[in-house]
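Chains, contacts and geometry: an overview
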Amino acid sequence: SIPFAIIIAFLGLRMAFSKTVWLPKSLLGKTVPSLTLKKITEKTLKVLTKIHKWTHPRLNWLCQYRCIKVINGLLLAILAIFLALPAAVLLPNLTAAWSILLISWGSLEDDGVFLLIGYGLFVLTITFFILTALTIRHVF
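Below is a short write-up of the structure. Because the structure is a prediction, the values reported are computed rather than measured.

Examining unusual backbone geometry
- Notably, L59 is not glycine yet its phi reads approximately 50°, a positive angle.
- For L59, the location among the structural elements is in the loop between helix 3 (34-52) and helix 4 (60-64).
- Within the chain, D110 stands out as a residue other than glycine whose phi angle is a positive 50°.

Quick look at the structure:
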């Protein structure tokens, strides 16, 4: 999860500072075999179709403000750091991943309900990490 977390953190910070997504030329020059791309696309479309049934523009005011977009980008970057931590703390990593998914999808679809659920999972993730750290500190 570390390479993906680094990419998510990078994209979150770019989002927070209203920058466009930038990819290095070496990455842009890579080719993907068509069979591999077809498999990835088919699996992704299945998941996205299921998620899309649940989302639609709601609470638009929550998605339109510039400060909310900055907050979303910063939260994505913070959650990516939690996602990069060792898998020994599995539950917080899982809540961080779900929170990233919900905040990202809510931002893309202007769905304030998904954003609010993502924010709730962010708070849960922070709580899990604090409790895990306190438990480790207490044990050792």
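On we go from here.
Quick look at the packing of helix 1 (residues 2-16) against helix 5 (residues 66-84)
- For the pair helix 1 and helix 5, the least separation of the axes is 7 Å and the interaxial angle reads 165°. It follows that helix 1 is roughly antiparallel to helix 5 by the angle criterion. Considering the relative orientation of helix 1 and helix 5, their crossing is left-handed. Contacts between helix 1 and helix 5 involve I2, A5, I8, A9, G12, L13, M15 and A16 from the first element and R66, K69, V70, N72, G73, L74, L76, A77, A80, L83 and A84 from the second.
- Residues that form the contact of helix 1 with helix 5 fall into these classes: 14 nonpolar, 3 polar and 2 charged.

Remarks on helix 1
- Taking 1.5 Å as the rise per residue, helix 1 with 15 residues should run 21 Å; its terminal C-alpha atoms sit 21 Å apart, in good agreement.
- Listed as buried for helix 1 are A5, A9, G12 and A16. Down the axis of helix 1, the buried set is contained in an arc of 65°. They therefore lie on one face. Those residues of helix 1 that are exposed and aimed more than 90 degrees away from the buried face are P3, F4 and I6.
- On its buried face, helix 1 is in contact with helix 5.
- Looking one or two residues past helix 1, S18 carries a phi angle of roughly 55°, positive in sign.

Structural notes on the pattern of salt bridges
- Inspection of every chain in the model, using the stated rule, returns 1 salt bridge.
- A salt bridge links D111 to R58; the nearest nitrogen and oxygen atoms lie 2.7 Å apart. With D111 in the loop between helix 6 (90-109) and helix 7 (112-139) and R58 in the loop between helix 3 and helix 4, this residue pair connects regions lying 53 residues apart in the sequence.

Thoughts on the nonpolar core
- Judged by nonpolar contacts, the single largest core of 18 residues is most densely connected at L75, L79, F82, I100, I103, L115 and Y119.
- Among the secondary structure elements, those contributing two or more residues to this core are helix 1, helix 4, helix 5, helix 6 and helix 7.
- Apart from residues no more than four positions distant in its own chain, L115 is found in contact with L62, C63, N72, L102, I103, G106 and S107.

Some details on the packing of helix 5 against helix 7
- Direction vectors running N to C along helix 5 and helix 7 enclose 35°, while the axes themselves pass 11 Å from each other. Two packed elements cross with a definite hand, and for helix 5 against helix 7 that hand is left-handed. Of helix 7, the residues touching helix 5 (which contributes I68, N72, L75, I78, L79 and F82) are L115, Y119, F122, T125, I126 and F129.
- For the contact of helix 5 with helix 7, a count of residues per class yields 10 nonpolar, 2 polar and no charged.

Thresholds applied
Note that residues are indexed from 1 along each chain, following the sequence as it is written. Confidence filtering applies because this is a predicted model: local features only for residues at pLDDT of at least 70, side-chain atom pairs given and counted only at 80 or more, and all residues used for totals across whole chains, interfaces and linings. Values shown for side chains rest on all heavy atoms present in the structure; no hydrogens or waters enter the calculation. The secondary structure listing takes helices from DSSP runs of H or I that are at least 4 residues long and strands from runs of E that are at least 2 residues long, numbered from the N terminus. Orientation is described by lines fitted to C-alpha atoms, with helices fitted over the stretch in contact, and by angles between N-to-C directions that extend from 0 to 180 degrees. Here the angle decides the label: under 35 degrees means roughly parallel, over 145 means roughly antiparallel, 65 to 115 means roughly perpendicular, and every other value means oblique. Less than a right angle of anticlockwise turn of the near helix away from the far helix marks a crossing as left-handed, whereas a clockwise turn marks it as right-handed. Note on contacts: a residue pair qualifies if any of its non-hydrogen atoms lie within 4.5 Å across the two residues. Residues are grouped as follows: Ala, Val, Leu, Ile, Met, Phe, Trp, Tyr, Cys and Pro are nonpolar; Asp, Glu, Lys and Arg are charged; every other residue, Gly included, is polar. Here the expected length of a helix is defined as 1.5 Å per residue gap, with one fewer gap than residues. Buried means the residue's accessible area, taken with a 1.4 Å probe over protein chains only, is under 20% of the maximum for its type, while exposed means over 50%, and partly exposed covers the values in between. Of all possible arcs, the one meant is that of the directions from the helix axis to the C-beta atoms. We count a salt bridge whenever a side-chain nitrogen from Lys or Arg sits within 4 Å of a carboxyl oxygen from Asp or Glu. To qualify as a nonpolar core, a set must consist of buried Ala, Val, Leu, Ile, Met, Phe, Trp, Tyr and Cys residues joined through side-chain atoms within 4.5 Å.

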